Amino acid sequence: MSPVIAPESLFSERQILELLGGGDDDWLFSRARLATQLAFGDQVFMRGIVEFSNHCRNDCHYCGLRSGNRELGRYRLSQAQILEAVDQAAAFGMGTLVLQSGDDNKYRCDDISQLIHQIKAKHKLAITLSLGDRSLEELAQWRQAGADRYLLKMETFDRRLFAESRPRANFDERLERLRGIQALGYQTGCGIITDLPGMTDEILARDIIQLTRLKLDMIACGPFVAHPQTPMSLSGNGSVLKSHRVSAILRLMNPGANIPATSSLEALEPGARALALLRGCNVVMPSFTPQNVFSQYDIYPGKNAAKAFLRERLEVIRNQIRQHGLEPSSARGDARSH
Ligand code: SAM
Ligand code: SF4
């Protein structure tokens, strides 16, 4: 049986450039919506994210958690505090738990394994890890312990821009690690920051092609938001519309992938995250980081900036989703096969 619409196999670089330039937004967004609906219906998967440490040994030029930011009050959650936040995520109907932190090796391999075991023993949640660059041995042990997914964004596939923006990271090693993660059987996520200072549409088009070639389960693209305590503080914020175009193109090229509507969209323009759900995205990730450290996960201005408490924040997100005729879902929401 042939599908109702054939997923676009691959746009050429030239075609992507045209779409990025706004060549045909109505066509792009309506086709992306249809492709998302075909893969996931009207469901929007809710992932609870617990940002358990804002310590980072890296110094990425775009990120507020960079080690060079001496203004930031740092925190690390204990195992018990993390588990309490996880209980809340489960109680509030999240189907997936995302554990994220700066690149913080204070949490040893066994600490994370123990955490995974404890969560899996108590809850039916899928577990996504987003802990940055860790060794393949550690990644293998966590997979063994029951972790389902790993998210490691390249931020860009342009070597020069990568080196300029992530001075302590190694391009080849990160890409190799990503392939290792896939080989370990994780559902694997990668992504980019759109409008990262220095990024041209040509770089962006090639990034979209590289992401597609990796045959990923999750693809994250969100706009750059300038943080005052970084070397990129004076660069302009990214464009919401450009980021929407990117999510829509990625959807057409990767019909079964999970594509989150990022909080950086919301930081730039209230409502932009929900609108992304009509433009290729199908996932949202509300934060369950405890209220006393919530605002210290200060990746960029506007991240974890809401003054409201958890219940109220969740209600806002769920209402935004419903206003677009979509349905917040508690399913674990695995990617559809490639
Ligand atoms: N340390 C881990 C890593 O880098 O893979 C995970 C945590 S890191 C804070 C999560 C993501 O935040 C990064 O992959 C990056 O895409 C995003 N991010 C950081 N600074 C940003 C900024 N100024 N604007 C938009 N996204 C940003
Ligand atoms: Fe650290 Fe990740 Fe921020 Fe880079 S993006 S400084 S690795 S938290």
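This structure is a prediction, so every number in the text was calculated from the model and none was measured.

## Regarding the site of ligand 2
What surrounds ligand 2 is the set Cys56, Asn58, Cys60, Cys63, Leu65, Arg66, Gly102, Asp103 and Gly132. Among the residues making up the shell around ligand 2, the classes are represented as four nonpolar, three polar and two charged.

## Points about the environment of phenylalanine 171
Along the chain, phenylalanine 171 falls in helix 7 (residues 171-183). When the 17 C-beta atoms within 10 Å are taken as the criterion, phenylalanine 171 is described as partly exposed. Each C-alpha atom of the pair phenylalanine 171 and threonine 156 lies 9.6 Å from the other, and the pair is 15 residues apart in sequence. The residues touching phenylalanine 171, leaving out its near neighbours within four places in the chain, are Arg159, Phe162 and Ala163.

## With respect to helix 4 (residues 109-122)
When the terminal C-alpha atoms of helix 4 are compared, their 21 Å separation across 14 residues agrees well with the 20 Å that a helix rising 1.5 Å per residue should span. Of the surrounding elements, those touching the buried residues of helix 4 are helix 3 (79-91), strand 2 (96-101), strand 3 (126-130) and helix 5 (136-145).

## A closer look at the packing of helix 2 (residues 25-40) against helix 9 (residues 240-253)
Their axes nearest at 9 Å, the elements helix 2 and helix 9 cross at an angle of 50°. Considering the angle they form, helix 2 stands oblique to helix 9. You can see that helix 2 and helix 9 cross each other, and the crossing is left-handed. Contacts from Leu28, Phe29, Arg31, Ala32, Ala35 and Thr36 in helix 2 reach Arg245, Ala248, Ile249, Arg251 and Leu252 in helix 9. Its residues placed into classes, the contact of helix 2 with helix 9 shows seven nonpolar, one polar and three charged.

## Comments concerning the UniProt feature "binding site: [4Fe-4S] cluster" (unreviewed entry) in the protein
UniProt tags Cys56, Cys60 and Cys63 as "binding site: [4Fe-4S] cluster" (unreviewed entry). Note that cysteine 60 resides in the loop between strand 1 (43-53) and helix 3. Classification of cysteine 60 as buried rests on a count of 25 C-beta atoms within 10 Å. Turning to its location among the elements, cysteine 63 is positioned in the loop between strand 1 and helix 3. With residues up to four places along the chain from it excluded, the contact list for cysteine 63 reads His227, Thr230 and Ile299.

## Some words on unusual backbone geometry
Although it is not a glycine, glutamate 155 sits at a positive phi angle of roughly 75°. Looking at the secondary structure, you find glutamate 155 in the loop between strand 4 (149-151) and helix 6 (159-165). Of note, the phi angle at lysine 215 is positive, near 50°, even though the residue is not glycine. Within the element layout of this structure, lysine 215 appears in the loop between helix 8 (201-213) and strand 6 (218-223).

## Describing helix 12 (residues 310-323)
Across its 14 residues, helix 12 extends 20 Å between first and last C-alpha, which sits within 8% of the 20 Å expected from 1.5 Å per residue. Every buried residue belonging to helix 12 is among Leu310, Leu314, Gln320 and Ile321, and all of these are buried. With its buried residues spanning 125° around the axis, helix 12 presents them on a single face. Away from its buried face by more than 90 degrees, helix 12 exposes Arg311, Glu312, Glu315, Asn319 and Gln323. Summarising the contacts, the buried residues of helix 12 are in contact with strand 1, helix 3, helix 11 (272-276) and strand 8 (327-329).

Rules used in this analysis
Residues numbered from 1 in each chain as written. Chains lettered and ligands numbered in written order. Predicted model: local features only at pLDDT ≥ 70, side-chain atom pairs only at ≥ 80, totals over all residues. Near = placed C-beta within 6 Å. Nonpolar A, V, L, I, M, F, W, Y, C, P; charged D, E, K, R; others polar. Helix = DSSP H or I, 4+ residues; strand = E, 2+ residues; numbered from the N terminus. Buried ≥ 20, exposed ≤ 12 C-beta atoms within 10 Å, placed from the backbone. Contact = placed C-beta atoms within 7 Å. Expected span 1.5 Å × (residues − 1). Axes fitted to C-alpha atoms, helices over the stretch in contact; angles between N-to-C directions. Parallel < 35°, antiparallel > 145°, perpendicular 65-115°, else oblique. Left-handed = near helix turned anticlockwise from the far one by under 90°. UniProt positions renumbered as here; feature names shortened; annotations may be inferred. Arc of directions from axis to C-beta.

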